[in-house]
Every structure is written in structure tokens, then in C-alpha cells.
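# Architecture and fold: a report
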Amino acid sequence: MPAWSAGLTSTLVPQYAAAVLRSNLWPGAYVFGLDKKFENLYIGWGHKYTADNYSPPAPASTRDEYPSGAEVTEVPDPTVDEERALQAVQQEQLDREAEEAENGGR
């Protein structure tokens, strides 16, 4: 296989067509020229051509959804009154534990 493949941009009016060269070794590399001007263009991933195409490995199978249970189930936020009641109960428990620690230490 030759390193480059040549062609024209138009076969209808060849005297106005630009010459195009396509690289067979580096897919995505092109050269085009018209009169005495030319440009090089590369659009690719920087991989040389290989006869055996690369196929990336298949992605892992999708996971099941996270199991829902009491520890992950959403609940509505408590109201201000419910928060104050909880704080009062927690404070009572702390006071009780402090009294037991004082009485037990004697």
C-alpha cells in the first residue's frame, strides 16, 4: 500500500480543482494544494494505521440500584417544635447522666 493516496476535490471542472493527498499511514493527515500554494491538515488521535483495528474493552455491566431501606429512605425534615422536643429530651438525658455520675462517685 502506498504511503499517500492522491485525488482531486472536483472531477467536474478539474482545471480548478485542488489536489488532495491522504496519508495511508497516519489516518487523518491530509495535504491539499492549488497552484503554488499548499497546506497540511491533521485531524486524528495520533495513532498509526494498523490492519487489525483496535476495539476497546466492553464497559463493566451496570450495577443494580442501591438497595433502599430504613437507613437510606428519605424522610421529611422535622418541624421546629419537633427539634425543640428532641433537644429537651436529650438535655434531660444529659442532666440525668450527670446526676448519676455525681451520686455514684460519693
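Attention in this report is confined to the structure presented alongside it. (Residues numbered from 1 in each chain as written. Predicted model: local features only at pLDDT ≥ 70, side-chain atom pairs only at ≥ 80, totals over all residues. Heavy atoms only, no water.)

## Considerations on a negative patch on the surface
Cut-off, in case you're wondering: Patch membership requires over 30% relative accessible area and the absence of a salt bridge. Like charges are linked within 9 Å, and nonpolar side chains (Val, Leu, Ile, Met, Phe, Trp, Tyr) within 5 Å. Areas reported here follow the Shrake-Rupley algorithm with a probe of radius 1.4 Å; residue values treat only the protein chains shown as occluding. Salt bridges, as used here, are contacts in which a Lys or Arg side-chain nitrogen is within 4 Å of a carboxyl oxygen on Asp or Glu. In summary, the charge assignment counts Lys and Arg as positive and Asp and Glu as negative, without counting His or the chain termini. To locate a charge, the coordinates of NZ of Lys, CZ of Arg, CG of Asp or CD of Glu are taken. Helix and strand definitions here come from DSSP, where helices need a minimum of 4 consecutive H or I residues and strands a minimum of 2 consecutive E residues; each element is numbered from the N-terminal end. The buried label goes to any residue with under 20% of its type's maximum accessible area, the exposed label to any with over 50%, and the partly exposed label to all in between, with areas taken from a 1.4 Å probe on protein chains only.
Together, Glu-92, Asp-95, Glu-97, Glu-99, Glu-100 and Glu-102 give the surface a local cluster of negative charge. You can see Asp-95 is positioned in helix α1 (residues 80-104). Using a relative accessible area of 38% as the deciding quantity, one classes Asp-95 as partly exposed.

## Some thoughts on the sheet that holds strand β3 (residues 29-34)
Formally: Pairs of strands are assigned from DSSP output, requiring at least two bridges between the strands. Note on method: axes are straight lines fitted to C-alpha atoms, helices fitted across the in-contact stretch only, with angles between N-to-C directions ranging 0 to 180 degrees.
Pairing is antiparallel across the open sheet formed by four strands, whose spatial order is β1-β2-β3-β4. The open sheet has two edge strands, β1 (4-8) and β4 (37-42), and neither has a second partner. The sheet shows a mean angle of 20° between the axes of neighbouring strands, direction not considered. Across six bridges, β3 lies against β4 in antiparallel orientation. Residue pairing for β4: Gly-33 is matched across the bridge by Phe-38.

## Thoughts on a nonpolar patch on the surface
There is a patch of nonpolar side chains on the surface, built from Tyr-30, Phe-32, Leu-41 and Ile-43 and spanning about 360 Å² of accessible area. Residue position: Ile-43 is located in the loop between β4 and α1.

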